[in-house]
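Summary of structural features
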Amino acid sequence: MNPETSDGGLAVLEEIGKASDGASPLGCMQCGLCAASCPLGYAMEFPPRKLILQVAAGNLDRVLGSPAIWMCVGCYTCSLRCPRDIELTDGLWPALRDRSMQAGHQPPAELQETFQNLFKYGNTLGKSPRQRLDWARGLDVPVLDLSKERRPVDVLWLVGCYPSYYPRNQVVSRAWARILTRLGVSWGVLGAKEKSVGECERMFGEEGLFETLVEQNSKLLNEQEFQTLVTLDPHAYRALHAFYPRHGAWYPVQHYTMFLAERLEQLRPGLVKPVEATVTYHDNCCVGRRCQCFDAPRALLEAIPGVKLVEMQRNRDNALCCGGGGGGMWLDGHIVAHGGHRLSDERIGQAAETGADILAVSCPYELARFEDAAKVKGLEGRLHVRDIIELLAVSLGLEEVPAEPS
Amino acid sequence: MIGQDRSALRIGVYVCHCGTNIAGVVDVEALTSWAAGLPHVALARHYKYMCSDPGQELVKRDIQEHNLNRIVVAACSPNLHEPTFRRAAENAGLNRFLVQMANIREQVSWVTDDHHEAYVKAQAHLAAAIRRVAMHEPLQRQFVQIRPQALVVGGGIAGIQAALTLADAGKDVILVEREPSIGGHMAMFDKTFPTLDCAACILTPKMTAVKLHPNIRLLTYSSVESVEGSVGNYHVKIRRKPRYINEELCVGCMLCIEGCVFTRARFPNPFDQGLGTRKPVWVPFAQAVPPIPVIDPETCLEIARGKCQKGCVEACGERSAIEFDQQEQVEEYDVGAIIVTTGFRTFDPSVIPYYGYGKYPNVYTSLEVERLLNAGGPTAGKLVLRDGSVPRRVGIVHCVGSRDKNHHAYCSRVCCMYALKLAHLVREKTGAEVYNCYIDIRTPGKGFEEFYNRVQDEGVHFIRGKVADVTPADGNGHLTMTVDDTLLGSIRQLDVDMVILAVALEPQGDANDVRRTFGISCSAEGFFLEKHPKLAPVNTANDGVFVAGACQGAKDIPDTVAQADAAAAKALAIIDAGQIELEPNTAWIEAAMCSGCKTCIPLCPYQAISRDEERAIAVIDPALCKGCGTCVAACPSGAAMQHLFSDEQVHAELEGLMLHL
């Protein structure tokens, strides 16, 4: 074996550091907090600490071909804990994925399918843009399609891919449309013109595609007149809040939990129908840990009569990720194949330990992931997964009662 | 100055080579001949080292032989040699304030390699200095008398040491301590590293010496409320909390504690970090100084509710030392110097959710474990968990709150060594397996590395990695520590019964208030700022106020004691001098121009300006003024003026700069 050389390694780290918001990875002191904090670190050939160490030693090639490159699920635990404030999650990982693909390494097969969907249809689900408004079919409140009729609105709702196309999420979208209407705000959507915000594209390492999307979306948004952008997707919130401004695109954006928490007093008189259930809340990573917004979703749940809110052992800053971020949504097979496990399976077990009837979520990925996990763990029918929007809609009398907890 | 006879000006200009520091970049010969032709310049010379004795002699001889009445030295920063040339001028019979320096080293030759640029800029600096010095006036040196007493604030090991050193030198010392007893953190420890001396055995003799010393007035349960005045003359107000026990009458028999109607101690004892309990009348620890109990007004039935059988009063008997009607009092003192030794507090690890402190009972801070190990502590020195069982496996987490930009970016310096000490003591007392999880082991002190080696030899595990999670292993209180063993290259899970968090040292919670009270500054991390990190490590921005110990930065006992003695020596140097010279560049108010608008008063960072209510004008105390010029710039009517910074002087200097740039 040749002696290790560090030629060029530090320059790569310096370059990666300059492209991220955090401190330079050159400052890594190899404490290993990231590796041991990572919910999948035990299964990675190179957890973040070793990625940095290998790159610094000049072994970039060695890490770019490793399956570890595709095992980060974007939970931000390492970034938030890093004692040297290095932005690992949305700095180091996407940068290495980008370089990995540029070096000719193929991403895992299941992700390649997603890539094809993205390039072909502009969304991860491979659906036609013409179906963007399918979720609103037969809805009992009017939906203003700003792509057809430009009008100033209070709220421009970026519906997002899963809430537009995925049947389970479409239920939530319809409930959200009713709540927005009940609040008396004027609101609209971009209809067939809406495109992916680009968060997952960026986390996949497709920085170029992301930049194209920023450009296209900015053009679309700049044509519209609105007070606030609202999204149901924490990942989209993170992108619009933190990644877009890096490209000069700044918009007032809120995740729906933030938007509603500000209007809680307006909602409260309408929250009359009790939801008699013990509820535990799963903090999503992007709005929760990364943006430290923990109180808004809890305030919403506690405002619902009948709800008894209980906490999981790991909550708020310390919550365990569902495994769906950073591309994880499309990488379960790869992660399990390389010694990991589905974090949603682990997390639903933690939720079940609280004795809750309902696991409340506020991220489109989580509904699908946790309902699936409930089946795997034999919790189906005992632990129901509901978006906060659904519970609010029930209490507001805007939605059919979901299958009642037993 | 207006009315000054400019024709009589005879300015001597001296350009220093500073070896090659200046001459290597600036053409000093050309600069000198150019300067010789400037108005009022009687003579110009250049010399290899102006600060040398021959250089100074040159100035002196020229003043006498050539009747020079102004001197300009173009050399290094005035911070370095202005006093040198002022003294040389004075020795030759010239007023020392008729000297001006042009800094052509730090501001010229050291900041460019371009010889032409350097020359032009040197010309500008020199012209500015020449024009400025022409406007200088002779000023009188001012001195103030010094109060011979000193105040020491904080009765930990730093304050104790500083007070004893000053008192032994025959000075009167007032030692103020916020808690009921002196001793500070050191009194809480069981053993001290690396020698494993019993902390109490080496501390309590010093505490007793404080109590018995005729030159020390000890004020415990007290805090400094305000400080006025300046170096040599501080007026200090000290607030004394009611102890409800008369310190003159009490003999420290502690019978009142026994007699208290609470037969069982049931309130958390802060000295034991809440692990032990106390009664409403209590002493923090057996060797407390003064050995006088204190009554907590919140838990004492008589004080809180006015109805108690007062077993304490009965136990005290004829001495009648218990006084339920004591009130808070303010005492006032005048001192010449102040030493601030207010110490540190430990980092609260409950803000780090992944270590589970405050959530899992078997997670302890290092300070809590110090109390458990201490024979005078809540378990009489037995290391047991909250359920009374002896831990078989103990994890020690290093760098909790230290070396972490989310909390404190700095290294707390003492944690590695105290963690090693705790590892040793835990093993000695329980035989438990001990796992030290560290980022780097830092042992750069005398005997420290040897101690590390000794603890290794005792069979303590060392794992290089920062612990990421502490989670319950089962329902029985056992814990799992998750850590990346970075040397092994794999992530490990260690099952332990007890986790000890080696918490950071951080500034006291009220450090910012204390800073304001004493007119000193804090560095970015909140510790008190020394005047210079290398050359004035115990001085502060306030000339008569010194700092020592962990209030200035995390440090161990040996460093604290050394620094305390250094601060005592500095304080002594001021007090013993009897008088002190003031900087001449102070501000003053031209009474006729002052409108009494008070704009300047709140702006002064040194509280040097007050209002003469009778004359309705502002007045500046020259002893307090530091010459910052804030009031001069702010005064709307131009009444605030400053010696060495008159408008004429500043304008002349600017003209000199501009004309030659």
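Quick caveat, the model's predicted, so the values are computed rather than measured.

1. Digging into a positive patch on the surface
All names here are of chain B. A cluster of basic residues, R264, R266, R305 and K307, forms a positive patch on the protein surface. Mapped onto the secondary structure, R264 falls in the loop between α8 (255-259) and β13 (267-268). The class of R264 is exposed, set by a relative accessible area of 60%.

2. Notes on the nonpolar core
Residues and elements named next belong to chain B. By size, the foremost hydrophobic cluster in this structure holds 68 residues, and its most contacted members are L151, I338 and F518. In terms of residues, this core owes the most to one element, helix α6 (residues 157-168), which gives eight residues. In contact with L151, other than residues within four places in its own chain, are I174, V176, V224, V236, I238, V335, A337, I338, I339 and F518.

3. Examining the sheet that holds strand β24 (residues 467-472) of chain B
Residue and element names in this part refer to chain B. Here three strands make up an open sheet; going across it, the order is β24-β25-β26 and the pairing antiparallel. Of all the strands in the sheet, the pair left with one neighbour each is β24 and β26 (490-496). Each strand of the sheet is rotated relative to its neighbour by a mean of 20°, with strand direction disregarded.

4. Re the domain arrangement of chain B
Size of an interface, as often reported, equals the accessible area lost when the parts are brought together. We note that the domain assignment places domain 1 (6-139 + 649-659), domain 2 (255-319), domain 3 (346-506) and domain 4 (583-643) within chain B. The straight-line distance from the C-alpha centre of domain 1 of chain B to that of domain 3 of chain B is 61 Å.

5. Remarks on the state of the cysteines
The final tally for this structure, using the stated rule, is one disulfide over all chains. Note on cysteine connectivity: C198 of chain B is disulfide-linked to C201 of chain B, with sulfurs 2.4 Å apart. The sign of the 80° torsion about the S-S bond sets the C198 of chain B-C201 of chain B disulfide as right-handed. Using a relative accessible area of 23% as the deciding quantity, one classes C198 of chain B as partly exposed. Left unpaired, C161 of chain A is separated from the closest cysteine sulfur, that of C200 of chain A, by 6.9 Å. Overall, C161 of chain A belongs to the buried group, its relative accessible area being 14%. For the unlinked cysteine C76 of chain B, the closest cysteine sulfur is that of C18 of chain B, found at 6.4 Å. Taking the relative accessible area as the measure of exposure, C76 of chain B reaches 8% and is therefore buried.

6. Overview of the interface of chain A and chain B
Between chain A and chain B, the residue contacts involve 22 residues of the former and 22 residues of the latter. Carbon and sulfur atoms make up 52% of the surface buried where chain A meets chain B, a total of about 1800 Å² over both sides. Contact with chain B buries surface across chain A, with A36, R81 and Q313 of chain A losing the most and accounting together for 27% of the total. Counting every contact that joins chain A to chain B gives two salt bridges. In this structure, the connection of chain A to chain B is made through twelve residue pairs in polar contact (both at pLDDT 80 or more). Those elements that place two or more of their residues in the side of chain A that touches chain B are α2 (33-37), α3 (48-56) and α5 (77-81) of chain A. No other element matches the four residues that α2 of chain A contributes to the side of chain A that touches chain B.

7. Regarding unusual backbone geometry
Of all residues except glycine, most have a negative phi; of all peptide bonds, most are trans. Residue and element names in this part refer to chain B. Cis peptide bonds are those with omega within 30 degrees of zero, and the linkage from F193 to P194 qualifies with -10°. In this structure, P194 sits in the loop between β8 (191-192) and β9 (197-198). Going from V289 to P290, the amide bond is cis rather than trans, its omega being 0°. Among the structural elements, P290 can be located in the loop between β15 (281-282) and β16 (294-295). Positioned with a positive phi, H40 is a non-glycine residue whose angle comes to about 70°. Within the element layout of this structure, H40 appears in the loop between α1 (28-36) and β2 (41-47).

Conventions used here
- Residues numbered from 1 in each chain as written.
- Chains lettered and ligands numbered in written order.
- Predicted model: local features only at pLDDT ≥ 70, side-chain atom pairs only at ≥ 80, totals over all residues.
- Heavy atoms only, no water.
- Patch = residues over 30% accessible without salt bridge, like charges linked within 9 Å, V, L, I, M, F, W, Y side chains within 5 Å.
- Areas by Shrake-Rupley, 256 points an atom, 1.4 Å probe, with all protein chains shown as cover.
- Salt bridge = Lys/Arg side-chain N within 4 Å of Asp/Glu carboxyl O.
- Lys, Arg positive; Asp, Glu negative; His and termini not counted.
- Charge placed at Lys NZ, Arg CZ, Asp CG, Glu CD.
- Helix = DSSP H or I, 4+ residues; strand = E, 2+ residues; numbered from the N terminus.
- Buried < 20%, exposed > 50% of the residue type's maximum accessible area, 1.4 Å probe, protein only.
- Core = buried A, V, L, I, M, F, W, Y, C linked by side-chain atoms within 4.5 Å.
- Contact = heavy atoms within 4.5 Å.
- Pairing = 2+ DSSP bridges.
- Axes fitted to C-alpha atoms, helices over the stretch in contact; angles between N-to-C directions.
- Domains from an automatic or database assignment.
- Disulfide = S-S within 2.5 Å.
- Buried area = accessible area lost by both parts, 1.4 Å probe.
- Polar contact = N/O pair within 3.5 Å; in protein donor to acceptor, adjacent residues only side chain to side chain.

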